[in-house]
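Survey of secondary and tertiary structure
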Amino acid sequence: MKKVTILFFLIGLMSLSASSQILKPITWSYAAKRTSATTATLYIKATIDDGWHLYSQFVKAGGPVKTTFTFPAAGGYTLVGKTIEPKPVVKYEDTFKMNVSYFEHSVIFQQKIKLTGKSATVKGTVESMVCNDKQCLPPEEIAFSIAVK
């Protein structure tokens, strides 16, 4: 009887741990490419799991949390313009009662920089929110570091 009780306990524990897995529907990757001796472009790519979408940087107030890039002031480089993104999907979402802009599958954001030295390490954060047709995950802030050589 003791063995049966322990077996049921272990099965229950395994099913509990399987159902409480953390969802991570986005994978971020980073790269930099020199465009001249003094300029470079940073590439910040989000790979998005099927069925999920990542919101644009240009979502109106009252909607979901928009994707936001933050680049603290640092030596070695200066930003040139704002972070750009490709054309998003625009669709009415009942959850927010408005048209929202988002990306599916993958998206590459680009930030141009001007180098003040031979190389630089660009550090920053990206805050984003993802949803599928059943749920939205809380906004998440991810730190990154991109070497420009």
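Residues numbered from 1 in each chain as written. Predicted model: local features only at pLDDT ≥ 70, side-chain atom pairs only at ≥ 80, totals over all residues. Heavy atoms only, no water.

Attention shifts here to the overall build of the chain. Along the backbone of the chain there are 1 helix and 11 strands. Listing each helix as α and each strand as β along the chain from the N terminus yields α-β-β-β-β-β-β-β-β-β-β-β. Put simply, the chain has 149 residues, and 34% of those count as buried. Restricting the contact set of the chain to residue pairs at least 6 apart, pairs at least 24 apart contribute 68%. Just so you have it, the chain exposes about 9700 Å², and 60% of that area is on carbon and sulfur atoms. (Helix = DSSP H or I, 4+ residues; strand = E, 2+ residues; numbered from the N terminus. Buried < 20%, exposed > 50% of the residue type's maximum accessible area, 1.4 Å probe, protein only. Contact = heavy atoms within 4.5 Å. Areas by Shrake-Rupley, 256 points an atom, 1.4 Å probe, with all protein chains shown as cover.)

Inspection of every chain in the model, using the stated rule, returns 1 disulfide. Residue cysteine 131 pairs covalently with cysteine 136 via a disulfide, S to S 1.9 Å. On the sign convention where negative means left-handed, the S-S torsion of about 105° between cysteine 131 and cysteine 136 marks this disulfide as right-handed. On the basis of relative accessible area, cysteine 131 is assigned to the buried category, the value being 1%. (Disulfide = S-S within 2.5 Å.)

Right, let's get into the sheet that holds strand 9 (residues 120–128). With antiparallel pairing, 3 strands are arranged side by side in an open sheet as 4-9-11. The open sheet has two edge strands with one neighbour each: strand 4 (68–70) and strand 11 (140–148). The mean angle between the axes of side-by-side strands here comes to 25°, regardless of whether they run parallel or antiparallel. In the sheet, strand 4 pairs with strand 9 via 3 bridges, with the strands oriented antiparallel. Counterpart to phenylalanine 69 in the pairing with strand 9 is valine 126. (Pairing = 2+ DSSP bridges. Axes fitted to C-alpha atoms, helices over the stretch in contact; angles between N-to-C directions.)

Scanning the model with the defined rule gives 6 aromatic pairs in all. A ring pair is formed by phenylalanine 103 and phenylalanine 109, whose centres lie 5.8 Å apart and whose planes are at 85°; its orientation type is edge-to-face. The burial state of phenylalanine 103 is the same as that of phenylalanine 109; both residues are buried. Among the aromatic side chains, those forming a connected cluster through ring pairs are Tyr30, Phe71 and Phe144. (Phe/Tyr/Trp six-rings, centres within 6.5 Å; stacked < 30°, edge-to-face > 60°.)

Now for the pattern of salt bridges. One pass over the full model with this rule turns up 2 salt bridges. Among the ionic pairs, glutamate 140 bridges to lysine 24, the shortest N-O distance being 2.6 Å. Taken together, the residues glutamate 140 in strand 11 and lysine 24 in the loop between helix 1 (2–19) and strand 1 (26–34) connect sequence positions 116 residues apart. By relative accessible area, glutamate 140 is classed as partly exposed at 32%. (Salt bridge = Lys/Arg side-chain N within 4 Å of Asp/Glu carboxyl O.)

A few words on the sheet that holds strand 3 (residues 53–55). Backbone hydrogen bonds hold the strands of a sheet together, and the pairing may be parallel or antiparallel. Taken together, 4 strands build an open sheet; the order of strands is 6-7-3-10 and the sheet is antiparallel. Looking along the sheet, the strands with just one partner apiece sit at the ends: strand 6 (89–93) and strand 10 (130–131). With 2 bridges joining them, strand 3 and strand 7 (residues 98–103) adopt antiparallel strand pairing. The partner of tyrosine 55 across the bridge, within strand 7, is tyrosine 102.

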